[in-house]
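If you want the building blocks of each chain, they are given just below.
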Amino acid sequence: MIKTKPFDIPKREVWDAFKRVKANQGAAGVDGQSIQDFEDRLAGNLYKLWNRLSSGSYMPPPVRRVDIPKDNGGTRSLGIPTVADRVAQEVVRRYLEPLLEPKFHQDSYGYRPGRSAIDALRVARQRCWRYDWVVDLDIKGFFDNIDHELLLRAVRKHTKCPWVLLYIDRWLKAPAMLLDGSLVQRDKGTPQGGVVSPLLANLFLHYVFDIWLKKEFSDVPFERYADDIICHCRTERDAEALHNALERRFAECGLMLHPEKTKIVYCKDTNRPADYPKQQFDFLGYTFRPRLAKWRGEKFGVSFLPAASPKALKAIRRTVRGWSFQTRSDKSLDDLARMFNPYIRGWINYYGQFYKSALYETLRRIDAHIVRWAQRKFKRLRQQPKGARTWLANVVRSSPTLFAHWPLLYGNGRTLGAV
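Residues numbered from 1 in each chain as written. Predicted model: local features only at pLDDT ≥ 70, side-chain atom pairs only at ≥ 80, totals over all residues. Heavy atoms only, no water.

### A few points about the overall build of the chain
Next, step 1: A tally of helices and strands in the chain yields 14 helices and eleven strands.
Next, step 2: Projected onto its principal axes, the C-alpha coordinates of the chain cover approximately 85 × 60 × 40 Å.
Next, step 3: Burial statistics for the chain: of 419 residues in total, 48% are counted as buried.
Next, step 4: Relative to all contacts within the chain whose residues are 6 or more apart in sequence, the contacts with residues 24 or more apart total 67%.
Next, step 5: With the model as given, the accessible surface of the chain reaches about 21,700 Å², and the carbon-plus-sulfur share is 50%.
Next, step 6: Averaged over its 72 positive side-chain charges, the chain has a centre that lies 6 Å from the centre of its 45 negative ones. (Helix = DSSP H or I, 4+ residues; strand = E, 2+ residues; numbered from the N terminus. Buried < 20%, exposed > 50% of the residue type's maximum accessible area, 1.4 Å probe, protein only. Contact = heavy atoms within 4.5 Å. Areas by Shrake-Rupley, 256 points an atom, 1.4 Å probe, with all protein chains shown as cover. Lys, Arg positive; Asp, Glu negative; His and termini not counted. Charge placed at Lys NZ, Arg CZ, Asp CG, Glu CD.)

This is the structure we're talking about:
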């Protein structure tokens with residue numbers, strides 16, 4: 001008689017999960033094993049993982065905790081699982097996502113197939129035109145404070161699969177390993193950096209926020225990208241009532257709204273001229289605020305619009321400085337374009353979706369670095385800043401698409417200007 005495994009997990013699922021993990025890349029976990037190391041003995045590693053998952057004996061190792069600096073001076077903790085653990089989590093994610101996805105709210109955008117941050121921003125922009133007030137929510141330490149029992153209760157609403165429930169429970173309890181090798185036990189939260197964490201976080205907020213809001217404030221539309229949430233209200237009184245109710249609701253579920261970052265914002269424009277102290281908010285790397293805009297009939301007015309946030313632009317400039325053009329005089333201009341165009345295209349594709357002129361000054365900084373690079377590379381330009389700018393203007397005219405930002409800045413006959 002052939003002895004079967006307690007859990008029926010097809011080997012093909014583990015193989016497909018590995019392919020997804022490999023495509024996403026990622027750093028090594030506590031065992032120091034890279035994806036390449038794992039792949040060197042791929043058949044044996046995948047069989048061992050499948051065997052343990054199917055028998056119920058798989059125990060997740062600790063996650064490697066990495067603290068990432070934040071712009072406000074604090075840090076954000078990431079939990080980096082091992083490669084094998086990422087594969088195991090991907091097996092569970094692939095099982096769970098098709099069950100949850102049809103149930104999620106249409107205004108939830110984060111980490112969902114076929115939805116993007118740009119979709120959320122586009123809807124938010126339109127609703128800010130129709131609703132006078134926004135409640136901008138910031139959940140303090142969301143991923144670190146998810147209640148395990150409430151989360152597991154939510155998972156059980158959608159599946160009774162014993163191995164899915166078993167391994168999610170184990171992942172939630174897996175400790176974090178610090179740089180010194182010490183372990184930190186967890187009784188709440190799900191680590192950012194885990195493969196299954198975004199799906200679980202979405203499920204948690206689906207019940208804590210999405211479903212609750214639809215029931216209690218059915219006339220309040222919202223956009224949610226993971227834990228980044230904005231709600232739209234018609235009056236200041238409605239916004240204050242919603243804010244107070246949300247504070248109570250999140251507290252009931254073990255979460256807290258950040259008292260300084262959560263705010264009520266007035267969407268001021270030409271047709272809404274009242275003055276209130278808070279007239280802007282940040283959402284997904286964009287700042288929404290009153291801006292001068294061209295209306296129909298060649299008229300100008302003030303509209304409440306999104307544009308790349310100062311924080312996002314500062315991060316771009318910091319990245320560009322980190323490219324250290326001044327140390328790359330051994331490279332050709334074509335080399336530099338090949339190296340950095342993927343970054344530049346990414347910024348334009350994301351931050352150029354709305355009010356793209358907000359990007360121009362920051363993108364011109366790239367050209368300022370190119371000018372300084374040229375002065376170091378070409379002897380004839382070293383003491384001639386004006387000559388270096390003329391040289392760059394000639395390059396732009398002869399190769400207007402060499403760098404990804406040049407068509408945006410200098411298309412339609414626009415000149416190089418000051419760099």
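There's more to say after this.
### Brief notes about the environment of Phe304
Next, step 1: Within the fold, Phe304 resides in strand E11 (residues 300-308).
Next, step 2: Here the alpha-carbon distance between Phe304 and Arg365, two residues 61 residues apart in the chain, equals 27 Å.

### Looking at the pairing of strand E7 (residues 228-233)
Sheet faces and side chains relate simply in a regular strand, where the side chains alternate between the two faces.
Next, step 1: Among the six residues that make up E7, five are buried, leaving the element largely enclosed by the rest of the structure.
Next, step 2: Linking two consecutive strands that pair antiparallel, namely strand E6 (residues 222-225) and E7, is a turn of two residues; a positive phi of about 55° is found at Ala226 within it. (Pairing = 2+ DSSP bridges.)

### Structural notes on the sheet that holds strand E9 (residues 281-283)
Next, step 1: Judged by pairing direction, the sheet is antiparallel, and its three strands sit side by side in the order E9-E10-E11 without closing on themselves. One side of each edge strand has no neighbouring strand; the edge strands of this open sheet are E9 and E11. The average undirected angle you get between the axes of adjacent strands in this sheet is 50°.
Next, step 2: Here three bridges tie E9 to strand E10 (residues 286-294), and the two strands are oriented antiparallel to one another. Note on E10: the bridge partner recorded for Asp282 is Thr287. (Axes fitted to C-alpha atoms, helices over the stretch in contact; angles between N-to-C directions.)

### Let's talk about unusual backbone geometry
Next, step 1: We note that Leu284 has phi near 55°; this positive angle belongs to a residue other than glycine.
Next, step 2: The residue Leu284 is located in the loop between E9 and E10 in this model.
Next, step 3: Note on Leu284: relative accessible area 14%, which makes it buried.
Next, step 4: Although it is not a glycine, Tyr355 adopts a positive phi angle of roughly 50°.
Next, step 5: The class for Tyr355 is partly exposed, based on a relative accessible area of 31%.

### Side note on helix H1 (residues 11-24)
Next, step 1: With 14 residues, H1 ought to run about 20 Å at 1.5 Å a step, and its terminal C-alpha atoms sit 21 Å apart, in line with that.
Next, step 2: Among all positions in H1, only Val14, Asp16, Ala17, Phe18 and Val21 are buried.
Next, step 3: Where H1 is buried, its residues contact helix H2 (35-40), helix H3 (42-55) and helix H4 (83-100).
Next, step 4: Positive phi shows up at Gln25, right after H1, with a value of about 55°. (Expected span 1.5 Å × (residues − 1).)

### A look at the packing of H1 against H4
Next, step 1: Packing of H1 against H4 leaves a shortest axis separation of 8 Å and a crossing angle of 110°. Judged by the inter-axis angle, H1 sits roughly perpendicular to H4. In the packing of H1 onto H4, the handedness of the crossing is right-handed. When H1 is examined against H4, the residues Glu13, Val14, Asp16, Ala17, Phe18, Arg20 and Val21 are found in contact with a partner set consisting of Arg86, Val87, Glu90, Val91, Arg93 and Arg94. (Parallel < 35°, antiparallel > 145°, perpendicular 65-115°, else oblique. Left-handed = near helix turned anticlockwise from the far one by under 90°.)

### A closer look at a nonpolar patch on the surface
Next, step 1: A cluster of nonpolar side chains, Leu292, Phe300 and Tyr355, forms an exposed patch at the surface whose accessible area comes to about 330 Å².
Next, step 2: Looking at the secondary structure, you find Leu292 in strand E10. (Patch = residues over 30% accessible without salt bridge, like charges linked within 9 Å, V, L, I, M, F, W, Y side chains within 5 Å. Salt bridge = Lys/Arg side-chain N within 4 Å of Asp/Glu carboxyl O.)

### Structural notes on the nonpolar core
Across soluble globular proteins, nonpolar side chains have a tendency to be buried as a group.
Next, step 1: By size, the foremost hydrophobic cluster in this structure holds 67 residues, and its most contacted members are Leu137, Phe142, Trp163, Ile168, Phe209, Cys231 and Phe250.
Next, step 2: Here this core takes ten residues from helix H8 (residues 197-216), the largest share from any one element.
Next, step 3: Beyond its immediate chain neighbours, meaning those up to four positions away, Leu137 contacts Phe209, Ile229, Cys231, Leu246, Phe250, Leu257 and Thr262.
Next, step 4: The next biggest cluster of nonpolar side chains, apart from the first, holds 54 residues, and it includes Ala117, Ile118, Leu409 and Tyr410. (Core = buried A, V, L, I, M, F, W, Y, C linked by side-chain atoms within 4.5 Å.)

### Considerations on the packing of helix H6 (residues 148-156) against helix H7 (residues 162-173)
Next, step 1: At their nearest, the axes of H6 and H7 sit 11 Å apart, and the two run at 160° to each other. Taken together, the axes of H6 and H7 lie roughly antiparallel to each other. In the crossing of H6 with H7, the sense of the turn from one axis to the other is right-handed. Residues His148, Leu151, Leu152, Val155 and Arg156 of H6 form the contact with H7, whose own contacting residues are Leu165, Ile168, Asp169, Leu172 and Lys173.
Next, step 2: Among the residues forming the contact of H6 with H7, the class breakdown is six nonpolar, one polar and three charged. (Nonpolar A, V, L, I, M, F, W, Y, C, P; charged D, E, K, R; others polar.)

### Regarding the packing of aromatic side chains
Next, step 1: Evaluation of the coordinates by the stated rule reveals 30 aromatic pairs.
Next, step 2: On the numbers, 6.2 Å between centres and 50° between planes, the contact of Tyr167 with Trp171 is tilted. Residue Tyr167 and its partner Trp171 are located together in helix H7, separated by four residues, close to a single helical turn.
Next, step 3: You can call Tyr167 buried: its relative accessible area is 0%.
Next, step 4: The structure contains a cluster of three or more aromatic residues connected by ring pairs, namely Trp323, Phe325, Phe340, Tyr343 and Trp347. (Phe/Tyr/Trp six-rings, centres within 6.5 Å; stacked < 30°, edge-to-face > 60°.)

### Points about a positive patch on the surface
Next, step 1: A grouping of Arg76, Lys140, Lys261 and Lys311 is seen on the molecular surface, where their side chains present a positively charged patch.
Next, step 2: Looking at the secondary structure, you find Lys311 in helix H10 (residues 310-322).
Next, step 3: Judged by its relative accessible area of 49%, Lys311 falls in the partly exposed class.

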